Amino acid sequence: MAAVATCGTGVGKTGSMVMAGSKNNVTGFQRRGPRASGSDSSYSRLVSIAGTRPSVRNGQLLVSTGLPALDQLLGGGLAVGTVLLIEEDKYNIYSSLLFKYFLAEGIVNGHTLLVASAKEDPADILQELPAPLLDDNGKKDFDEDVCNHKTSESNIKMKIAWRYQLLPKMEAISSSRFGHYYDVSKKMPQELIEASKVHGFFFPEKSSSTPNIEPCSLTHGYIKLLQFIQNIIYEEGFDGSNPQKKQKNILRIGIQNLGSPLWGDDICCTENCDNSHSLTKFLYVLRGLLRTSLSACVITMPTHLIQNKAIIARVTNLSDTVVGLESFIGSERETNPLYKDYHGLIHIRQIPRLNNLIYDVSDVKDLAFKLKRKLFTIEVRENF
């Protein structure tokens, strides 16, 4: 769909910490600077992938979701090899925005994208990505948006205090930065999109020939999508099968409106659907592919349309991270003065269980979000 964008590798400039032994058999740590000759293989260099960092809790490699506030809530970011499930809000306004943040972060960091949808052409989705905030102009816009919000908030006496901002100061984009801020009022520059490597999967274009589907097997849309993802992972070496590939990169997979009737799934149409196991089988196979590859996946799903709660429980168990969005549009909270400055609630339902025996539970329970002029912000509500 587009040209290839290469991902640079980071090399530690200060050298590595090595154990040195003296003639008196006294050992100690010694910091060595860069050597003039790079031919000595005894001095290893730390090679990293742009846009990633290890978790301070379990060493798992992390990528940013594109929203630094959400990264903090998830323990530092989205773990590579895992699935983030976003439960769509009623009108799919804000969940679609988080989906685009994830893709925009991949373009800024030079990651390879795989965008799958049965509703919108992936090329059209890319044209709607928010623009990154850059340099001093971006910092000015960020500070202005935050100050305007604080000023309006100070004039309102509320029974509930909203004070803990999950937004650190905006910094200019650089190769060492993890997580960026985006201006939702502007679109991603076309030159950045064209310089990125993107694989698009638009189901209406992939469903020209319908194979014979056996009972209780995957739907045609899920089969096609799994085959497409598997081919990209193996053909481009994201599974580590190509040791000759010097440039390591991350594959960001974004799947929109999974489980909707557009995918050929009737899980949202009736409580006793014929394809009740098709969605869970798809997630099981997908997670197996991700676990052994340098990939991270974000899925949006209209769970509010699924009538069978047992299916929702199974879908949650087959996902690593689950975030739910509850919009105030059309609800009584839309006119409630306690919530007048916010557009909805965000629920951290599940955090990955990685190298642990039990799931981690978020310490933060009450979260609200607001879509301001340029930024999507998340705030913590203090108890009464």
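Refer to the structure above for everything that follows.
Bear in mind the structure is a predicted one, so any value in this text is a computation, not a measurement. (Residues numbered from 1 in each chain as written. Predicted model: local features only at pLDDT ≥ 70, side-chain atom pairs only at ≥ 80, totals over all residues. Heavy atoms only, no water.)

So, on to the overall build of the chain. Secondary structure summary: the chain contains nine helices and 19 strands in total. Every one of the 384 residues in the chain was classed for burial, and the buried ones make up 48%. At a minimum sequence separation of 6, the contacts of the chain that also span at least 24 residues come to 73%. Total accessible area computed for the chain in this model is approximately 19,400 Å², and 51% of it derives from carbon and sulfur atoms. (Helix = DSSP H or I, 4+ residues; strand = E, 2+ residues; numbered from the N terminus. Buried < 20%, exposed > 50% of the residue type's maximum accessible area, 1.4 Å probe, protein only. Contact = heavy atoms within 4.5 Å. Areas by Shrake-Rupley, 256 points an atom, 1.4 Å probe, with all protein chains shown as cover.)

Taken together, the three strands give an open sheet; going across it, the order is S5-S6-S7, and neighbouring strands pair in antiparallel fashion. The open sheet has two free edges, formed respectively by strand S5 (52–54) and strand S7 (78–79), since each of these has just one partner strand. In terms of strand pairing, S5 meets strand S6 (residues 61–63) through three bridges, oriented antiparallel. In the strand pairing of S6, Arg53 is matched with Leu62. (Pairing = 2+ DSSP bridges.)

For the structure on display, the rule yields six salt bridges. Among the salt bridges present, the one from Asp320 reaches Arg287, with a minimum N-O distance of 3.4 Å. Within this pair, whereas Asp320 is found in the loop between helix H9 (309–317) and strand S16 (321–327), its partner Arg287 is found in helix H8 (residues 278–291), the two being separated by 33 residues in sequence. The two residues Asp320 and Arg287 agree in class, both being buried. Here Glu326 and Arg333 are joined by a salt bridge, their closest N and O atoms 3.1 Å apart. Ionic contacts of the salt-bridge type, sharing partners, join the residues Arg287, Arg291 and Asp320 into one network. (Salt bridge = Lys/Arg side-chain N within 4 Å of Asp/Glu carboxyl O.)

So, about helix H7 (residues 220–235). Each turn of an α-helix holds 3.6 residues, which means side chains three or four residues apart point in the same direction. Between its terminal C-alpha atoms H7 stretches 22 Å, which fits the 22 Å expected from 16 residues at 1.5 Å a residue. Among all positions of H7, only His220, Gly221, Tyr222, Leu225, Leu226, Phe228, Ile229, Ile232 and Ile233 are buried. Those residues of H7 hidden inside the fold are in contact with strand S9 (112–117), strand S13 (198–202), helix H6 (203–206), strand S14 (251–255), H8 and strand S15 (295–301). Backbone geometry just downstream of H7 places Gly237 in the positive-phi region, at approximately 75°. (Expected span 1.5 Å × (residues − 1).)

Right, let's talk about a nonpolar patch on the surface for a bit. A surface patch of nonpolar side chains, about 260 Å² in accessible area, is lined by Tyr91, Ile93 and Ile329. Judged by relative accessible area, which is 30%, Ile329 ranks as partly exposed. (Patch = residues over 30% accessible without salt bridge, like charges linked within 9 Å, V, L, I, M, F, W, Y side chains within 5 Å.)

Another aspect to go through is the pairing of S9. Counting buried residues along S9, six of its six residues qualify, which places the element largely inside the surrounding structure. Pairing geometry for S9 and S14, over five bridges, is parallel. Looking at the pairing, Val115 lines up with Gly254 of S14. Note: S9 against S13, five bridges, orientation parallel. Bridging across to S13, Leu113 finds its partner in Val198.

Moving on, we come to the packing of H8 against H9. Packing of H8 against H9 brings their axes to within 10 Å, and their N-to-C directions diverge by 5°. Overall, the two elements H8 and H9 adopt an arrangement that is roughly parallel. Packed against H8, whose contacting residues are Leu279, Thr280, Leu283 and Arg287, the element H9 presents Arg314, Val315 and Asn317 at the interface. Of the residues that constitute the contact of H8 with H9, the class distribution is three nonpolar, two polar and two charged. (Axes fitted to C-alpha atoms, helices over the stretch in contact; angles between N-to-C directions. Parallel < 35°, antiparallel > 145°, perpendicular 65-115°, else oblique. Nonpolar A, V, L, I, M, F, W, Y, C, P; charged D, E, K, R; others polar.)

With that out of the way, let us pick up unusual backbone geometry. With phi around 55°, Asn92 is a residue other than glycine that occupies positive phi space. Tracing the sequence through the fold places Asn92 in the loop between strand S8 (83–87) and helix H2 (94–108). Positive phi is not limited to glycine here, since Asn257 has a value of about 55°. With respect to the secondary-structure elements, Asn257 resides in the loop between S14 and H8. Asn257 sits in the buried class, given a relative accessible area of 7%.

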